[in-house]
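# An overview of the molecular structure
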Amino acid sequence: MKKRPEAQFAEFIDFFPALELPVSLLPDTGQIPSDPLPLPGLLQDRFILPFESDEVDEFTEYIPYGRLAGMRDFEAVIYWKAGVLRYEYILATYSLQGEPLSHAIVGGLRYEEEGVLHSVAVIHPDLSIIIAEGMAQTDDEGMDPDQTQTYQMTILPTGMITYETNEEEKEE
């Protein structure tokens, strides 16, 4: 009986080019490499799917986008998840041995009954992440500033990602 090859974390990380901070993630496909290296199924199964357990289907693609440069105690990668009526940037962190630590959606586009939900993000050198999210009626429309919410995330020194909403009330 043939033994199935093991997925190596170093091989997985090599698919993600280093990104210098700050990094901006916009909800358009122009930021995605036009000819990305396909992530082998073995690496996808081992390192991506543990974060995607209940949303995996035959229509979803995972494309390596980049790796946050300069991390010492963990690795942080961003992959682009393309599914039916949904495109998302996912930030995922791993121990140096490749064990999944944390993940979060940090940007993208999602089609909903009310319109198109746009999310943009900036990841800063201090590992804080600012996300602005808002609804538009079409792909071509921008977000309505009065209907935009902001969120903040932080990547902790342990590699865990924390999340908080901005509770400021907008003036009427």
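See the structure above.
Analysis parameters
- Residues numbered from 1 in each chain as written.
- Predicted model: local features only at pLDDT ≥ 70, side-chain atom pairs only at ≥ 80, totals over all residues.
- Heavy atoms only, no water.
- 1 Å grid on protein atoms, 1.4 Å probe; cavity = no way out; pocket = protein on both sides within 12 Å on 5 of 7 lines; lining within 4 Å.
- Points joined across faces, edges and corners; volume = space filled by probe spheres on them.
- Helix = DSSP H or I, 4+ residues; strand = E, 2+ residues; numbered from the N terminus.
- Nonpolar A, V, L, I, M, F, W, Y, C, P; charged D, E, K, R; others polar.
- Buried < 20%, exposed > 50% of the residue type's maximum accessible area, 1.4 Å probe, protein only.
- Pairing = 2+ DSSP bridges.
- Core = buried A, V, L, I, M, F, W, Y, C linked by side-chain atoms within 4.5 Å.
- Contact = heavy atoms within 4.5 Å.

## A short note on the layout of surface pockets
A volume near 260 Å³ is recorded for the largest pocket. In terms of lining residues, the largest pocket is bounded by 19 residues, among which I105, V106, S119, E133 and M153 are the most central. For the lining of the largest pocket, the secondary-structure elements that each account for two or more residues are β5 (86-94), β6 (100-112), β7 (115-123), β8 (128-136), β9 (149-155) and β10 (161-165). The biggest single contributor to the lining of the largest pocket is β6, with eight residues. Considering only residue class, the lining of the largest pocket consists of eleven nonpolar, five polar and three charged.

## Observations regarding the environment of Q97
Structurally, the position occupied by Q97 is in the loop between β5 and β6. Separated by 23 residues in the primary sequence, Q97 and F74 have C-alpha atoms spaced 8.6 Å apart.

## Observations concerning the pairing of β5
Among the nine residues in β5, seven count as buried, and that is most of the element. Counted along the chain from strand β4 (residues 75-83) to the antiparallel partner β5, the turn is two residues long, and its residue L85 has a positive phi close to 60°. By the bridge criterion, nine bridges tie β5 to β6 in an arrangement that is antiparallel. When the sheet's bridge partners are listed, Y87 is paired in β6 with L109. With antiparallel pairing between neighbouring strands as the criterion, β5 and β6 make up a hairpin whose turn holds five residues, including G98 at a positive phi of roughly 100°.

## Regarding the nonpolar core
Counting 25 residues, the largest nonpolar core has L25, L68, I78, L91, V106, I129 and I155 as its most contacted members. Of all the secondary-structure elements, those providing two or more residues to this core are β2 (23-25), β3 (61-68), β4, β5, β6, β7, β8 and β9. Considering every element that reaches this core, the biggest residue donor is β4, with four residues. Look past the residues within four positions of I155 in its chain and what remains in contact with it is L68, F74, L91, T93, L127, I129, M160 and I161. With 17 residues, the next largest nonpolar core counts L39, L43, Y62 and A92 among its residues.

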